[in-house]
Amino acid sequence: MKYIVVTGGVLSGLGKGVTTASIGRILKDKGYTVIPMKIDGYVNVDPGTMNPYEHGEVYVLDDGSETDLDLGHYERFLNIDLTGASNMTTGSVYQTVIDKERRGDYLGKTVQLIPHITDEIKNRIKQFKVDVVLIEVGGTVGDIENRIFIEALRQMSRDPENEFIFIHLSYVPIILSGEQKTKPTQHSVKELLSLGIQPDVLVGRCEKELSAETKRKIALFCGVGPGNVLSNPDLEDIYYLPLVLNQQNLTEIIISKLNLKRMPVYSSKFSDLVEKIHTCKEEVDIGIIGKYTGLEDAYMSIKEAFKHAGAYNSCKVNLSWIEAEEIGVEHLSQFDGLLVPGGFGSRGVEGKITTIQYARENNVPLLGICLGMQLMVVEFARNVCNLKGASSTEADPKTPHPVIDLLPEQKEIYRKGGTMRLGAYPCVIKEKTLASRLYGMDQVSERHRHRWEVNPKYIETLTENGFVFSGKYPNKNLMEMVELPKHRYFIGSQFHPEFKSRLEKPAPLFVGLVRAAINRQVAGD
Ligand code: GLN
C-alpha cells in the first residue's frame, strides 16, 4: 500500500489540516483515490466531550462520528464523505486494546505499547483499500502524545510491502531584519530523525514565499533535495493552497516517490471554483450571534459554508462574530442578515432570543441552526403565542412551557460521550415552503448533533399561530425545519447544514441566506 504522512514541527496551528487536505485534492485531481485520516494524541475517545474553546469545532460525519475539525477540511477539499475510521485518537486505540484484554484475547500475554498498541494503530491504517492513504499526525513532532503513532508509522514504512512519503510542515519565522529563519525547522527535523524518520519533503509555513537561500539552507541541513523544499505562504484564501502546492511540483514528487501509476485525470474545476471566491459582484455583512465567538475555529464549518454560498452568489460575505451575552438591538441594525448557530447550555440564550425577535419583527434575513432553531421556536412561543416563560428545558428546567424538551429516551441517558442524536437523518420537506424552494427536493439528508427536540405537545399551538414546520424526520415525527411564510427569510434547521457544504455543493440554507441578504440590500428596507 502507499501512504503519505504529514507531520508538523515547531508549533501547532500552522494549518497542517488544510495542507493535508490540499495534498489530497491535488492527488484526487490527478485521478487517484485517496482516503485521509487524522491522528489525535489526546486521551479522549473522540472530541465530542471537549469545549470548542479548547479544541475548535466538533465536526460530525454521516455515520454519527464526532471528529476533529480537520475532517471537515478533508471532506470540503476532497468533496467526499468520510467515516469515523478516518479519525483515530489515543483514547480510542487504548479503549479497543483494553476491551480486547478484558475479553481475554491476549490470554497469557503481557499487553504492551509495542506491539499491541502499535498493532492496533497499524490495523486501523491498513483497513483502507485505496490508491493512497493520507495520514495527518496531529500536534508537533516531539510531543509525548503522538510518539507511539509515529513509531507505528515508522514500523510500517520499513515493511517492504509499503511505500511511504513523509512530508513535514514546519514554521519559518521572519525576524525584524526581514530574514527568514530556518533554525526552528532544523530542530524539528532533528526531532523527527530521533524518532527514526527522515522526511522526504519539507513545507515551510511562512508569511512570504521561501527565498532561494532559505530553501537551500533547509535542504542542506535537513537532508532533502532542493526541489523538495516547498513554500506554504499566507494566502488570500485557504482554497488556493492546492494550486500553490501543485505549481511547486508536489504532485509529481509524490507520484514518483510512491511509484504511482498514471491515471486518467479526474475532471476538476477546482481552480474555477476557487476563482469564484474572489470574483464577486456583491458584498453583504452577516452577523453571527454565538457563544464561542472569541475563537473562530469553534465555527469553522459555518465560516466555510458562507464562503461556498458567497462564491455561488458571486458575493463577498463579511462575517462579524458577536457574543450573545453582550448583544443589544443596536448592534444588529448594521447587518444585512443574521445567523444564530448551535450551542449548549444556558449562557447567551436570552441574547440569541433578542436577536431572533429583532429579525422576525424587522423582516431581517435569519438562519437558525440547531440551538438557533430551537430558540426560534421559544421566541415565537413567548412573543406570538403568548406562552409566558416558554423555554427549552436545557436553559430553564422549570419553565412552565417546555416547547423544547428532551425525548423520553434521552431522559434515560446519563453517559455524555457519543449519546446525542448524531449523524445523518432523512428529512422530508413540506411542499410549497421556503425549505422546498431552497432544496428543490422533497427529501434530504443532513447531519445532527443535539439532545433536545421540539416538544410535540406544542406543535398545534405554534402552527395555529402561523409557525410552519417545513421539515420532519418522519419515522419519529421530529421537527427538522421551521419557517415563517410572510417573512423575507426566517428559517431554522434542527440539523447542521454547514457540515455538508462544499465549494462544489454549497448548503442551500446558506445560499438562501446570502441571497436574501443581497435582496434586502437592494430593497433598501
Ligand atoms: N444544546 C442543544 C441540544 O443539545 C443544541 C445543540 C446544538 O446546537 N448543536 O439539543
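The structure displayed is predicted, hence computed values, not measured ones.

A. Geometry of the packing of aromatic side chains. Within the structure shown, the criterion is met by 11 aromatic pairs. Ring geometry for Phe77 and Tyr239: centres 4.8 Å apart, planes at 20°, overall stacked. Of the two residues, Phe77 is situated in helix 3 (residues 70-78) and Tyr239 in the loop between strand 9 (229-233) and helix 9 (241-247); the sequence distance between them amounts to 162 residues. Assessed through its relative accessible area of 0%, Tyr239 is described here as buried. The side chain of Arg421 reaches across the aromatic face of Tyr425, ending 4.4 Å from its centre.

B. Quick peek at the pairing of strand 9. When you tally the buried positions in strand 9, you get five out of five residues, the bulk of the element. Because side chains alternate across strand 9, one face comprises the buried residues Val229, Ser231 and Pro233, and the other comprises Leu230 and Asn232, equally buried. Handedness of the crossover joining strand 8 (residues 201-206) and strand 9 through helix 8 (residues 212-222): right-handed.

C. Looking closely at the environment of Gly351. Summarising the element assignment, Gly351 is placed in helix 13 (residues 349-361). Overall, Gly351 belongs to the buried group, its relative accessible area being 10%. Separated by 93 residues in sequence, Gly351 and Leu258 place their C-alpha atoms 54 Å apart. Those residues in contact with Gly351 that lie beyond four places of it in its chain are Ala324 and Ile327.

D. Spotlight on the nonpolar core. By size, the foremost hydrophobic cluster in this structure holds 73 residues, and its most contacted members are Ile4, Ile23 and Ile254. Viewed by domain, this core spans two of them, domain 1 (2-254) and domain 2 (280-523), each represented by three or more residues. The residues contacting Ile23, other than those within four sequence positions of it, are Ile4, Val6, Leu134, Ile167, Leu245, Leu250 and Ile254. Within the second largest apolar cluster, 40 residues are counted, among which are Ile322, Val340, Met479 and Phe490.

E. View of the layout of surface pockets. What the largest pocket holds in volume is close to 1300 Å³. As for the largest pocket, its lining consists of 46 residues, of which Val18, Leu69, His73, Asp297 and Met300 are closest to the centre. For the lining of the largest pocket, the element with the highest residue contribution is helix 12 (residues 300-312), accounting for seven residues. Considering only residue class, the lining of the largest pocket consists of 16 nonpolar, 14 polar and 16 charged. Composition of the lining of the largest pocket by domain shows at least three residues from each of domain 1 (2-254) and domain 2 (280-523).

What counts, and at which threshold
Residues numbered from 1 in each chain as written. Predicted model: local features only at pLDDT ≥ 70, side-chain atom pairs only at ≥ 80, totals over all residues. Heavy atoms only, no water. Phe/Tyr/Trp six-rings, centres within 6.5 Å; stacked < 30°, edge-to-face > 60°. Helix = DSSP H or I, 4+ residues; strand = E, 2+ residues; numbered from the N terminus. Buried < 20%, exposed > 50% of the residue type's maximum accessible area, 1.4 Å probe, protein only. Lys NZ or Arg CZ within 6 Å of the ring centre and 35° of its normal. Right-handed = clockwise from strand over helix to strand, strands pointing away. Contact = heavy atoms within 4.5 Å. Core = buried A, V, L, I, M, F, W, Y, C linked by side-chain atoms within 4.5 Å. Domains from an automatic or database assignment. 1 Å grid on protein atoms, 1.4 Å probe; cavity = no way out; pocket = protein on both sides within 12 Å on 5 of 7 lines; lining within 4 Å. Points joined across faces, edges and corners; volume = space filled by probe spheres on them. Nonpolar A, V, L, I, M, F, W, Y, C, P; charged D, E, K, R; others polar.

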